[in-house]
Amino acid sequence: MKRSKYVTCLTAAAFALGTLAGCGSSNENNRRNLTTAASADSTEENKPFDIFSYDTQKKTREIENLIDSKFYFDIDDKIKEEYYYKGILAGLDDPYSTYYTKEEMDAINEEDSGEYIGIGATVSKSKETGAIYVVKPLRGSPAAEAGLQQDDIFIEIDGVELTTGTELEEAVKMIRGTENSTAKLKMYREGEDDYLYFDVPRRVVQNISVEYEMLENGFGYISVDQFVDNTYAQFKEGVDYLTSNGAKALIIDMRNNPGGFTNQATRMLDYLIEDKSVVNGTDGSFPGRLLYMKDKYGATLWENYCEDGHSVELPMAVLINGNTASSSEIFSGGMQDFKKAVLVGTKSYGKGVVQITYPLEDGSGVKLTVASYFLPSGRNIHGDGLQPDVEVEMETTLRRRTDLPHNEDVQLIKAIEELGGDPLP
């Protein structure tokens, strides 16, 4: 029997969107550390805004004068101003820190809260090439129905060419649009002789965040696509349903999960792990510690511990791949550190830093990298990723399929084998 829940997801979520937002816990240590950090910030001496030196101001005026006297086309002052702000953040040379216009902030808030209008594709930006590509089309979405596949690269959106300098948020804004409009996409797909063209209708999308089912061999299977504000509740529902119906083992699929709210990942860990479980970390032994974060000064910004009094005592495996990132790495890495599950698949993405999005007075916002996170063992996996316990590659043609049957999924089959289960029919 298969049950699924339709819950909130980012329109075109990226690995960069793993966030500390909403990561507070009822744990007293968390509240104390966050309060201490806030107090330290509030007592810092207010400094005058002197980011621009005299030479910088002079050069800026020189450029402005050239634009005013020479630039041929009309100028939209609002757009130009927004790109000044974007430029400040781009100058940090951090792919995860960015400026959001008010419209972009509104879209992000809409996506986190429920339905949104779009084509229903999770996208990201390649670390190596700068290309914007499809991580996966969401099940039942316009993107899936139109035939978009994993790893398809956006060349043009509605006639506008994308370059390696195109920001992910800018591409997301172009992909989104008004309901019942059509996104005209020019795409590159490896192995094809020419570009592919798609007319994808934009409509209201309800993303599937958690899906679960009992496999025919008695194993419980749970797929987690994103970490949004109620993913934990849906995950708990899935675990409870499968365990109460006699699941022999659990397989948790984190493949192609780009992350999201950190607190959802740690609460899911908490639900599976015994509260006083211990991992001997590089900085000592802390019973039940699931995650901790350090700021630029090396101070502990936040930490999370098991506290719900619940655990699941079943054999488990977690499926990961190169698109498993951020909060999904927190979950998978925690399961590995506590030896609660065997990791099966390929090396994960390797995002070990955390962002907070700060709203500004005019409704715009700034997302900044504020900390590194550390797994229970003290590992920081930024740039390295998680190494699976059992490495299993998947052929590209199979990996791209959105309708891949379980009995053709070589990574799932290997996980079942590792847990001693019967083969799928």
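Residues numbered from 1 in each chain as written. Predicted model: local features only at pLDDT ≥ 70, side-chain atom pairs only at ≥ 80, totals over all residues. Heavy atoms only, no water.

J.: Before we go on, may I ask you to explain the overall build of the protein chain in this structure?
T.: Each helix and strand counted, the protein chain has 11 helices and 22 strands in total. Residue pairs at least 24 apart in sequence account for 71% of intrachain contacts in the protein chain once pairs closer than 6 positions are excluded. (Helix = DSSP H or I, 4+ residues; strand = E, 2+ residues; numbered from the N terminus. Contact = heavy atoms within 4.5 Å.)

J.: How do you make sense of helix H7 (residues 231-244) when you look at a structure like this?
T.: One turn of the α-helix equals 3.6 residues, which is why residues spaced by three or four share an orientation. For H7, built from 14 residues, the straight-helix expectation of 20 Å at 1.5 Å per residue is met to within 8% by its first-to-last C-alpha distance of 20 Å. What H7 keeps buried is the set Thr231, Tyr232, Gln234, Phe235, Gly238, Val239, Tyr241 and Leu242. Gly246 sits one or two residues past H7 and shows a positive phi near 85°. (Expected span 1.5 Å × (residues − 1). Buried < 20%, exposed > 50% of the residue type's maximum accessible area, 1.4 Å probe, protein only.)

J.: Help me out: how do you make sense of the pairing of strand S4 (residues 121-125) in this one?
T.: For a regular strand, side chains alternate in direction, first toward one face of the sheet and then toward the other. Burial runs high along S4: 4 of the 5 residues are buried. Examined bridge by bridge, S4 and strand S5 (residues 132-137) share 5 bridges and lie antiparallel to one another. Among the inter-strand pairings, Ser124 is bridged to a residue of S5, identified as Tyr133. (Pairing = 2+ DSSP bridges.)

J.: How should I be thinking about the confidence of the model for the protein chain in this particular structure?
T.: In regions of low pLDDT, the predicted coordinates are not meant to be interpreted in detail. Mean pLDDT for the protein chain: 85, with 86% of residues reaching 70 or above. This stretch, residues 1-49, has a pLDDT under 50; its non-local contacts, to residues over four places away or in other chains, come to 124 contacts. (pLDDT = per-residue confidence, 0-100.)

J.: How should the environment of Phe198 be read in this particular structure?
T.: As for its placement among the helices and strands, Phe198 is situated in strand S9 (residues 196-201). Judged by its relative accessible area of 11%, Phe198 is buried. For the pair Phe198 and Ala146, spaced 52 residues apart in sequence, the C-alpha separation works out to 6.8 Å. For Phe198, the contacting residues outside a window of four places in its chain are Ala146, Gly147, Leu148, Ala183, Lys184, Leu185, Met187 and Arg189.

J.: Just to check I follow, could you spell out a nonpolar patch on the surface for this structure?
T.: A cluster of nonpolar side chains, Phe71, Tyr72, Phe73 and Ile75, forms an exposed patch at the surface whose accessible area comes to about 510 Å². Structurally, Tyr72 is set in the loop between helix H2 (54-70) and helix H3 (77-90). For Tyr72, a relative accessible area of 73% puts it in the exposed group. (Patch = residues over 30% accessible without salt bridge, like charges linked within 9 Å, V, L, I, M, F, W, Y side chains within 5 Å. Areas by Shrake-Rupley, 256 points an atom, 1.4 Å probe, with all protein chains shown as cover. Salt bridge = Lys/Arg side-chain N within 4 Å of Asp/Glu carboxyl O.)

J.: What is the right way to look at the pattern of salt bridges in this model?
T.: A side chain with one charge may pair with a side chain of the opposite charge, provided their charged atoms come close. Taken as a whole and assessed by the stated rule, the structure comprises 21 salt bridges. With its nearest N and O atoms 3.5 Å apart, the salt bridge here joins Lys78 to Glu82. A residue pair is termed a helical-turn pair when its members lie 3 or 4 positions apart in one helix, as Lys78 and Glu82 do in helix H3 at 4 residues. Using a relative accessible area of 48% as the deciding quantity, one classes Lys78 as partly exposed. One salt bridge in this structure joins Glu190 and Arg400, with 3.8 Å as the shortest N-O distance. A residue pair is termed long-range when its members are at least 10 positions apart, and Glu190 in the loop between strand S8 (182-188) and S9 and Arg400 in the loop between helix H10 (396-399) and helix H11 (410-418) qualify at 210 residues.

J.: Can you walk me through the packing of helix H8 (residues 262-272) against helix H9 (residues 327-337) in this structure?
T.: Two quantities define a packed helix pair, namely the angle between the axes and the distance from one axis to the other. At a minimum axis distance of 8 Å, the contact between H8 and H9 shows a crossing angle of 20°. As judged from the angle between their axes, H8 and H9 are roughly parallel. In this structure, H8 crosses over H9, and the sense of that crossing is right-handed. Contacts from Thr262, Ala265, Thr266, Met268, Leu269 and Leu272 of H8 reach H9 at Ser327, Ile330, Phe331, Gly334 and Met335. Of the residues that constitute the contact of H8 with H9, the class distribution is 7 nonpolar, 4 polar and no charged. (Axes fitted to C-alpha atoms, helices over the stretch in contact; angles between N-to-C directions. Parallel < 35°, antiparallel > 145°, perpendicular 65-115°, else oblique. Left-handed = near helix turned anticlockwise from the far one by under 90°. Nonpolar A, V, L, I, M, F, W, Y, C, P; charged D, E, K, R; others polar.)

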